[in-house]
Amino acid sequence: MTAVDALVVGAGVVGLTTAISLAEAGLATRVVTADPPSRTTSVAAGAIWGPVRCGPPDRCREWARAGLDVLSELAGEPAAAIRQVRGREVSQEPAAPPDWLDLLPGGVAMCAPTELPDGFAAGWWYTAPVVTMPSYLDYLLARYAAAGGSVEVAAVASLQSQDAPVVVNCAGMGARELVPDPLLEPVRGQVVVVRNPGIEEFYIDHGLRGSEYVYLFPHGDVVLLGGTAEEGAWDLAARPEVAERILRDCSAVHPRLRGAQIVAHRVGLRPCRPQVRLEAERLPGPGDRVLWHNYGHGGGGVTLAWGCAREITAAVLAGTAPAA
Ligand SMILES: Cc1cc2nc3c(=O)[nH]c(=O)nc-3n(C[C@H](O)[C@H](O)[C@H](O)COP(=O)(O)OP(=O)(O)OC[C@H]3O[C@@H](n4cnc5c(N)ncnc54)[C@H](O)[C@@H]3O)c2cc1C
């Protein structure tokens, strides 16, 4: 196998973005992944820009700011499958918009009472990038190949034994065993994709009832309907009763969704951790080998990926070595 400057483990949105960033900076890189991008958590995401279910807040804000810049720029490239979409987040309880929404150039506007569904107390409008993940992952793969990168599908059993001066661990939930890291917990998300009956605005119910979410994101000719947030659940098969509940709740928001043709069921495991792990350690053995960890992005990996990738790339180029 050809020698590389950096080896990236994982081909979800975090691994591919990191690999692109390193490759476009001039490093010879390779990705090794247990699953192709089409079978990752990343492909199941909604995916709207917003650093949710991730920490720490100050670092996530800066990574989200970087992500917003890149995703907004890519919204001009059809192959990237990113749209600027306007929509509402609404809450049955009195609530205020999260602080990070002030990063959006268009800001936030509170809903007028007439713009709230019956029984809802608050809501706010904003416009943010919405990413069609299956197409976006294809775009990332093509961009990585154009930068000279290659992807090998194989499971890695040990991060320490990889043969590269820089190894980047972007294994998502896989890091729980690989590191190992018991702080990493899955938060299962199930969604349904249907033909779009003409919906152009996103809708997010701010509240979580038990493990049930209600949200929907238009993606041109399809709409992604959600969802769930099931802590500690690992099963990857879509549950029919959950899909029915999602269809029922989303149809109550938009009656036009009743009877819409189902295109796909998707399930992903959000890699949740009290804090994203973005840090380096020295690898044992000869030479100055470094292992970077880049996992635990929770419900915000699409949002944070570019910011994290740029931070690692800058440190690798600067030769910033972690403490021995
Ligand atoms: C339903 C749902 C909705 C979401 N909505 C949003 C949203 O609106 N906005 C947002 O920003 N985020 C959203 N997220 C969160 C986002 O999808 C995740 O944070 C992100 O996908 C994590 O990406 P990742 O690359 O770290 O992990 P993954 O996509 O899981 O990729 C991990 C990769 O590591 C590989 N791997 C694991 N173990 C090994 C091993 N031992 N050897 C080799 N390879 C290995 C896997 O094969 C895979 O390629 C959502 C998630 C879900 C489930």
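As a reminder, the structure under discussion sits directly above these lines.
The following paragraphs examine the structure supplied in this document. In this text the structure is predicted, and so the values were computed from the model without any measurement.

Counted residue by residue, strand S10 (residues 212–219) has seven buried out of eight residues, so it is predominantly covered. Counted between consecutive antiparallel strands, the loop separating strand S9 (residues 202–205) from S10 contains six residues, among which Gly-210 sits at a positive phi close to 65°. Relative to strand S11 (residues 222–228), S10 is paired through six bridges, and the arrangement is antiparallel. Looking across to S11, one finds that Pro-218 is bridged to Val-223.

Below, the discussion takes up the site of the ligand. If you check the shell around the ligand, you find 43 residues, and the closest are Gly-12, Gly-172, Gly-174, Gly-189 and Gly-301. Of all elements in the fold, only helix H1 (13–24), strand S2 (29–33), strand S8 (185–195), S11, strand S13 (262–272) and helix H6 (301–318) reach the threshold of two or more residues within the shell around the ligand. Taken together, the residues that form the shell around the ligand break down as 20 nonpolar, 21 polar and two charged.

Here the focus is helix H2 (residues 57–74). Between its first and last C-alpha atoms H2 spans 25 Å; for 18 residues at 1.5 Å apiece the expected length is 26 Å, and the two agree. Residues of H2 that are buried in the fold lie against strand S3 (82–91), strand S5 (122–131) and H6.

It is worth spelling out the sheet that holds strand S7 (residues 166–169) at this point. Strands sit in the order S6-S2-S1-S7-S15-S14 across an open sheet of six strands; the sheet is mixed. Since the sheet does not close on itself, it has two edges, and those belong to strand S6 (150–153) and strand S14 (277–282), each with one partner. Adjacent strand axes in the sheet meet at a mean angle of 20° when their direction is disregarded. Sheet topology note: the S2/S6 ladder contains four bridges and is parallel. Across the sheet, the residue bridging to Val-31 is Val-151, located in S6. Contacts between H1 and the sheet are confined to strand S1 (6–9), S2, S7 and strand S15 (290–295), with S2 contributing the most and set at about 170° to the helix. Packing of H6 onto the sheet brings it into contact with S1, S7, S14 and S15, and relative to S15 it is tilted by some 170°.

Cut-offs used in this document
Residues numbered from 1 in each chain as written. Predicted model: local features only at pLDDT ≥ 70, side-chain atom pairs only at ≥ 80, totals over all residues. Buried ≥ 20, exposed ≤ 12 C-beta atoms within 10 Å, placed from the backbone. Helix = DSSP H or I, 4+ residues; strand = E, 2+ residues; numbered from the N terminus. Pairing = 2+ DSSP bridges. Near = placed C-beta within 6 Å. Nonpolar A, V, L, I, M, F, W, Y, C, P; charged D, E, K, R; others polar. Expected span 1.5 Å × (residues − 1). Contact = placed C-beta atoms within 7 Å. Axes fitted to C-alpha atoms, helices over the stretch in contact; angles between N-to-C directions.

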